[in-house]
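# Close look at the chain arrangement
Below, each chain spelled out in residue letters.
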Amino acid sequence: MKDLRVSARAGTALALFAASIVVASAQGAGPDISGIYWVTRYNAKVELVGGGELPLTPKGKEVYDKNMAGLKDGSIPDDARKFCVPDGPVRTLAGPYPFEIVQAPPGQITMLFELNHQIRVIRMGKPLPKYEELVAYPAFNGYSVGRFEGDTLVVETGGFKEKTYLDATGAPHTDELTTVERIRKISPTQLEIVITVHDPDYYTRDWQSRFVYNLRNDVKIEDYLCGEPHRDISSIPGVRRP
């Protein structure tokens, strides 16, 4: 009988979740995706949807090999870890620290990442400026615009600084990189982000990576400062234990 009650409650929660998405779509508004989220698993090396290795061009492979060797022997610094600058595209989404989505102020969605205190602003209902406009003012996390397509927040981003990596192993990108993220709730307590990477100078084709996060409104975003103790993340699968 207890199992039946648990199953009924779970079924009710899913039904309410689905109904909220239908109502939001009918009203022309996006669903509520606000909250604090924590990745279900950390991977230092980016994992592609469908598996396989990064589809690097010869130029991209040359840069990637150089990055990997330099990060390993210390001849190339990892500024994100050494100086606490933002991780940049893709790598930020893989971070083993929580982040918060705030659907405010009006016309904007804000993502607050505990790791390096990164802030991403997503301007809703705006077109993505052309490369020629963005390249003059590059940013670690680029310039993002968004729109809702049903239950999914679609985010287009360009204008990245070229000095970041796409993962902790040194996967490279150019300043012509553009990304498309599809962000949606896949259950009342989980969020999915699928990011598509387009950077033809370094990659022979577009590729995707997928991240899943648990809703964790029981925690709060904490301070993260270089040289100071940080949150214990040893419980996150994939995090290397000391």
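Remember, predicted model here, so these are calculated numbers, not experimental data. (Residues numbered from 1 in each chain as written. Predicted model: local features only at pLDDT ≥ 70, side-chain atom pairs only at ≥ 80, totals over all residues. Heavy atoms only, no water.)

### So, the overall build of the chain
As a reminder, the rule being used: Strands are runs of DSSP state E lasting at least 2 residues, helices are runs of H or I lasting at least 4, and numbering of each runs from the N terminus. In short, Shrake-Rupley with a 1.4 Å probe defines the accessible areas, and a residue's cover is counted only from the protein chains shown.
A tally of helices and strands in the chain yields five helices and nine strands. Ordered by position in the sequence, the α and β elements of the chain form the string α-β-α-α-α-β-β-β-α-β-β-β-β-β. If you sum the accessible surface of the chain, you get close to 12900 Å²; carbon and sulfur atoms cover 55% of it.

### Here we look at the pairing of strand 6 (residues 152-158)
For a regular strand, the rule is simple: side chains alternate between the two faces of the sheet. Rules: Buried, partly exposed and exposed residues are distinguished by accessible area as a fraction of the type maximum, computed with a 1.4 Å probe on protein chains only: under 20%, between the cut-offs, and over 50%, respectively. Only strands joined by at least two bridges in the DSSP assignment are considered to pair.
Within strand 6, six of the seven residues are buried, leaving the element largely enclosed by the surrounding structure. With seven bridges connecting them, strand 5 (residues 143-149) and strand 6 associate as antiparallel partners. Pairing of Tyr143 across the sheet is with Gly158, part of strand 6. With antiparallel pairing between neighbouring strands as the criterion, strand 5 and strand 6 make up a hairpin whose turn holds two residues, including Gly150 at a positive phi of roughly 65 degrees.

### Examining the pairing of strand 1 (residues 35-39)
Taken across its five residues, strand 1 has five buried, putting it largely inside the fold. Of the two faces of strand 1, the one lined by Gly35, Tyr37 and Val39 and the one lined by Ile36 and Trp38 are each fully buried. Taken together, the three bridges between strand 1 and strand 9 (residues 207-215) define a ladder with antiparallel strand orientation. Residue pairing in the sheet places Tyr37 in a bridge with Leu215 of strand 9.

### Concerning the pattern of salt bridges
This is how the line gets drawn: The working definition used for a salt bridge is a side-chain nitrogen of Lys or Arg within 4 Å of a carboxyl oxygen of Asp or Glu.
Enumeration over the complete set of coordinates arrives at 15 salt bridges. Glu156 is paired through a salt bridge with Arg147; the nearest N and O atoms lie 2.9 Å apart. Here Glu156 falls in the partly exposed class, since its relative accessible area comes to 28%. A residue is classified by how much of its surface remains accessible, and Arg147, at 36% relative accessible area, is partly exposed. A salt bridge links Glu192 to Arg184; the nearest nitrogen and oxygen atoms lie 2.9 Å apart. For Glu192, a relative accessible area of 9% corresponds to the buried category. Judged by its relative accessible area of 30%, Arg184 is partly exposed. Ionic contacts of the salt-bridge type, sharing partners, join the residues Asp78, Arg81, Asp87 and Arg91 into one network.

### Examining the sheet that holds strand 5
Applied cut-off: Fitted lines through C-alpha atoms give the axes, limited to the stretch in contact for helices. The angle between two N-to-C directions lies from 0 to 180 degrees.
Read once around its circumference, the closed barrel built from nine strands follows the order 1-2-3-4-5-6-7-8-9, with strand pairing classed as mixed. For this sheet, the mean angle separating the axes of adjacent strands, direction not counted, is 30 degrees.

### Overview of the packing of aromatic side chains
Selection rule: Only the six-membered ring of Trp is used, alongside the rings of Phe and Tyr, when aromatic pairs are assigned; centres must lie within 6.5 Å, and planes under 30 degrees apart are stacked while those over 60 apart are edge-to-face, with the rest tilted.
Evaluation of the coordinates by the stated rule reveals five aromatic pairs. Aromatic pair Tyr203 and Trp207: ring centres 5.6 Å apart, planes at 65 degrees, arrangement edge-to-face. Per residue, the accessibility class of Tyr203 equals that of Trp207, and both read buried. Put simply, the rings of Tyr37, Phe99, Phe113 and Tyr213 touch in pairs and so form one group of aromatic residues.

### Digging into the state of the cysteines
What counts is decided by this rule: Cysteine sulfur pairs qualify as disulfides if the two atoms are within 2.5 Å.
Under the definition given, this model contains one disulfide. Each sulfur in the disulfide pair Cys84 and Cys226 lies 1.9 Å from the other. Looking along the S-S bond of the Cys84-Cys226 disulfide, the torsion reads about 120 degrees, which is the right-handed sense. Of the two residues, Cys84 sits in the loop between helix 3 (79-82) and helix 4 (91-94) while Cys226 sits in the segment after strand 9, which places them 142 residues apart along the sequence.

### Topic: the confidence of the model for the chain
For clarity, the threshold we go by: A score between 0 and 100, pLDDT records how confident the predictor is in each residue. For this analysis, residues touch if any pair of their heavy atoms sits within 4.5 Å.
For the chain, mean pLDDT is 90; residues scoring 70 or higher make up 87% of the total. Counting contacts from residues 19-28, a segment whose pLDDT is below 50, to residues more than four positions away or on other chains yields six contacts.

### Here we look at unusual backbone geometry
In this model, Ala104 is joined to Pro105 through a cis peptide bond whose omega is -5 degrees. Structurally, the position occupied by Pro105 is in the loop between strand 2 (99-102) and strand 3 (108-113). Even without glycine at this site, Val90 takes up a positive phi of about 65 degrees. Take Val90: it is sitting in the loop between helix 3 and helix 4. One non-glycine residue, Asn116, lies in positive phi territory at about 65 degrees. Tracing the sequence through the fold places Asn116 in the loop between strand 3 and strand 4 (118-124). Judged by relative accessible area, Asn116 falls into the buried class, the value being 9%.

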